[in-house]
Amino acid sequence: MAVNPEISFADQLPKPDPIPAGELNPRADELKQYREMFFDPRYDGFSQDLEYLCQLPAFSSAQVESSRLGVGFELLDHRTGYDFQKALPIARQSGVKWARLQSGWQRAEKEPGKYDFAWLDEIVDGLLDAGIRPWFSLSFGNGLYMEGAEPLPPHGNYFFSPTRYGEKGIRGWTNYCRAMAEHFKTRVFHWEVWNEPNAGFLRKPNMGKVIQAEPPEVYTELVALTAQAVRSVQPEAKIIAGSISGCAICNEYIQGLFDSGIAEHIDIFSYHPYQAIPELYYGERLQFIRDLIAQSGRNITIWQGENGRPSDSAMLGRGFKSTQGSQARYLTRRYLTDLRLDVEVSSYFLICDIGNGYFPNGRVHSQGVIDATDPENYRPKLAFRAMQSFAYLFDSRTTPMHACFELYPQTGWGINTLPLEVASGLTCAFRRGNIPLFAYYHPTHIDADWQVTPVRIQTWVHDSMKFEKPVLIDPITARVYRIKHMTPWCDGNYGNVLIIPRLPLLDYPLFVTDASLLDEIGRP
């Protein structure tokens, strides 16, 4: 504009154009509902790089033939933590194929030798009808066979090994295990022995308020008795043991289990690797278990049997953000970590928030992927939608592969001295037939305030692989975007690569694949 020197500069400027009310905060509803905002190219600086195409489809569990993904239906024994019949219609749409159940000896046998499995029939049959395979954790004691033991508050459980109560305790337990196997032998084929024996759930009796776990050999003895009892009725049964809590600090206990001969009795070793950064040291801890299995000479697989995170910071205390978003991010990273390291089953804890009178003070434990804060209106959380995304992408026909998929800063070519936020990003690859599926993200702390960071992608795929129309998939928002720019680049010495010049780096996995993947998987 032409400036008049006789009038002040400020007086010559027009007032700013008003912004329409609806555009003042286009994500206000999202912020109000979740206390955070999720990636959107329009507002995060990627509108020139990505074009929204569609929502990612979702399958029900019945529509998925098989996969490694599961979810926990624990706490339905005598400590009824949520209403199964209210959770089941939502769970049907999860797409997962496995469900961990606790058997509840104390609820099933209230009079010696008389078993009531009707409440378990309802759960097992409901899951099977939904296309979800249940597996049992045979867990916790029964006061009928534990003379002198007192139940532990607030729910009256007996966290003591039946083997500590002589012939009466052993007979009561093995009879119960045989009765379970007989009753469910045509419906359930995987049986886990106890829950987290190293974390005080198999504790020494008569210790008062002191929690001291039984040594590994006591648990191994219980596993041997249980395996024998179940297989006497169901010879093809798969016996699961370990159920280890906190793999970060329990190598001595795991070593003790294998030293005491646990491998002779089991088909599957399970563990619960709770930690705020699910990838940290995880491969090394997993390899430690695999090395012990190899030394045993037995054909034993590994299941990740329980792992999750709440959506409410009240569950973890100060310093933890714990929102629906952080819970969803954790789920995506937990599942992906197990999948890329070839764990046979990955079970997320838990299907539904725990309430329904479980806690004496009436509060709700928010670790479920279904919100039960309103007991009359169960609702899926963000983590549930993320679970659906993984179930859609990772059935048994999507398998890990080794591939080059590298992240570089947005600073051009050559050496750079930027901090490691980009260079330490984690990548991995899968394939579905001849279609690659790449994942990438930054493995920062789940509760950190990660900022969207632009990165350049460099990859290579074999000529037999289909990667001509690249798309980006966000598993939490379930949005599919067209990647607008990709170009081949050739170095005469090193060969050809594909360059995607600009994509967002987040603190949870985004997927890059060919658009044909959605046609290959199909739509509901």
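Calculation notes
Residues numbered from 1 in each chain as written. Predicted model: local features only at pLDDT ≥ 70, side-chain atom pairs only at ≥ 80, totals over all residues. Heavy atoms only, no water. Helix = DSSP H or I, 4+ residues; strand = E, 2+ residues; numbered from the N terminus. Rg over C-alpha atoms; globule rule 2.2 N^0.38 Å. Buried < 20%, exposed > 50% of the residue type's maximum accessible area, 1.4 Å probe, protein only. Contact = heavy atoms within 4.5 Å. Lys, Arg positive; Asp, Glu negative; His and termini not counted. Charge placed at Lys NZ, Arg CZ, Asp CG, Glu CD. Pairing = 2+ DSSP bridges. Axes fitted to C-alpha atoms, helices over the stretch in contact; angles between N-to-C directions. Expected span 1.5 Å × (residues − 1). Arc of directions from axis to C-beta. Phe/Tyr/Trp six-rings, centres within 6.5 Å; stacked < 30°, edge-to-face > 60°. 1 Å grid on protein atoms, 1.4 Å probe; cavity = no way out; pocket = protein on both sides within 12 Å on 5 of 7 lines; lining within 4 Å. Points joined across faces, edges and corners; volume = space filled by probe spheres on them. Nonpolar A, V, L, I, M, F, W, Y, C, P; charged D, E, K, R; others polar. Salt bridge = Lys/Arg side-chain N within 4 Å of Asp/Glu carboxyl O.

Caption draft 1: The overall build of the protein, seen in detail. A count of helical and extended segments in the protein gives twelve helices and 21 strands. Computed over its C-alpha atoms, the radius of gyration of the protein comes to 26 Å, within 12% of the 24 Å expected for a compact globule of 524 residues. Considered along the principal axes of its C-alpha atoms, the protein spans approximately 105 × 55 × 45 Å. The 524 residues of the protein split such that 55% are buried. A separation threshold of at least 6 residues defines the contact pool for the protein, and within that pool the share at least 24 residues apart is 76%. Positive and negative charge centroids in the protein, built from 51 and 61 side chains respectively, lie 2 Å apart.

Caption draft 2: Structural context of the sheet that holds strand β1 (residues 50–55). The strand order across the open sheet formed by seven strands is β1-β18-β17-β21-β15-β14-β12, and the pairing between neighbours is antiparallel. Strands with a single pairing partner mark the edges of an open sheet, and in this sheet they are β1 and β12 (399–401). Each neighbouring strand pair of the sheet contributes to a mean axis angle of 30°, computed without reference to strand direction. Of the pairings in the sheet, the one linking β1 to strand β18 (residues 479–483) comprises five bridges and is antiparallel in character. Among the inter-strand pairings, E51 is bridged to a residue of β18, identified as R482. On top of the sheet, helix α10 (residues 324–340) reaches β12, β14 (426–432), β15 (435–441) and β21 (510–514); it is set at about 65° to β14, its chief contact.

Caption draft 3: Quick look at unusual backbone geometry. In this model, W194 sits at a positive phi of 65°, which is unusual for a non-glycine residue. Tracing the sequence through the fold places W194 in the loop between β5 (190–193) and α7 (216–233). At E196, a residue that is not glycine, the phi angle is positive and equals roughly 45°. Following the sequence through the fold, E196 ends up in the loop between β5 and α7. Classification of E196 by relative accessible area gives buried; the value is 7%.

Caption draft 4: Just helix α9 (residues 282–296), in detail. Compared with the 21 Å implied by 1.5 Å per residue over 15 residues, the 22 Å span of α9 between its first and last C-alpha is a close match. Listed as buried for α9 are Y282, R285, L286, I289, L292 and I293. Seen from one end, α9 has its buried residues packed into an arc of 120°, which puts them on one side. What points out from α9, more than 90 degrees from its buried face, is the exposed set E284, A294 and Q295. Looking one or two residues beyond α9, the residue adopting positive phi is G297, at roughly 75°.

Caption draft 5: Geometry of the packing of aromatic side chains. Under the counting rule described, the total for this entry stands at 33 aromatic pairs. Seen in terms of ring centroids, F73 and F84 are 6.0 Å apart; in terms of plane orientation they differ by 65°. Their pairing is edge-to-face. In this pair, F73 is assigned in the loop between β2 (69–72) and α3 (84–91) and F84 in helix α3, connecting sequence segments eleven residues apart. Since its relative accessible area comes to 1%, F73 is described here as buried. A centroid spacing of 6.0 Å and a plane angle of 45° characterise the contact between F405 and Y440, whose relative ring orientation is tilted. In this pair, F405 is assigned in strand β13 (residues 404–409) and Y440 in strand β15, connecting sequence segments 35 residues apart.

Caption draft 6: How the structure looks around the pairing of strand β7 (residues 268–272). Within β7, five of the five residues are buried, which leaves the element mostly enclosed by the surrounding structure. Burial along β7 is two-sided: the residues I268, S270 and H272 and F269 and Y271 are all buried. Two elements, strand β6 (residues 238–245) and β7, share four bridges in a ladder whose sense is parallel. Across the sheet, the residue bridging to A241 is F269, located in β7.

Caption draft 7: A look at the layout of surface pockets. Estimates place the volume of the largest pocket at around 620 Å³. Together, 30 residues line the largest pocket, and E196, F201, E306, F349 and Y358 are the ones closest to its centre. Split into classes, the residues belonging to the lining of the largest pocket amount to 14 nonpolar, ten polar and six charged. Lining the second largest pocket are 18 residues, and of these E36, M37, R329, W450 and V452 sit closest to its centre. Considered class by class, the residues forming the lining of the second largest pocket number eight nonpolar, two polar and eight charged.

Caption draft 8: α7, seen in detail. The end-to-end C-alpha distance of α7, which contains 18 residues, comes to 26 Å, matching closely the 26 Å that a straight helix rising 1.5 Å per residue would cover. Those residues of α7 not exposed but buried are P216, V218, Y219, T220, L222, V223, T226, A227, A229, V230 and V233. Where α7 is buried, its residues touch β4 (133–138), α6 (166–184), β5, β6 and α8 (251–259).

Caption draft 9: Representation of the pattern of salt bridges in the model. For the structure on display, the rule yields 29 salt bridges. Of the charged contacts in the structure, one is a salt bridge between K114 and E111, with a shortest N-O distance of 3.4 Å. We classify K114 as exposed; its relative accessible area is 53%. Its relative accessible area of 45% is what places E111 among the partly exposed residues. A salt bridge links E147 to K168; the shortest N-O distance between them is 3.0 Å. On the criterion of sequence distance, the pair formed by E147 in the loop between β4 and α6 and K168 in helix α6 is long-range, its members being 21 residues apart. The network of salt bridges with shared partners includes E74, R100, E192 and E306.

Caption draft 10: Expanded view of the sheet that holds strand β20 (residues 495–505). Ordered by their spatial adjacency, four strands build an open sheet running β13-β16-β20-β19, and the pairing between neighbours is antiparallel. Of all the strands in the sheet, just β13 and β19 (487–491) have a single pairing partner and so form its edges. Between one strand axis and the next, the sheet turns by 35° as a mean value, whatever way the strands run. Here β13 runs beside strand β16 (residues 453–460); their pairing, made up of six bridges, is antiparallel. Bridge assignment links F405 to a residue of β16, and that residue is T459.

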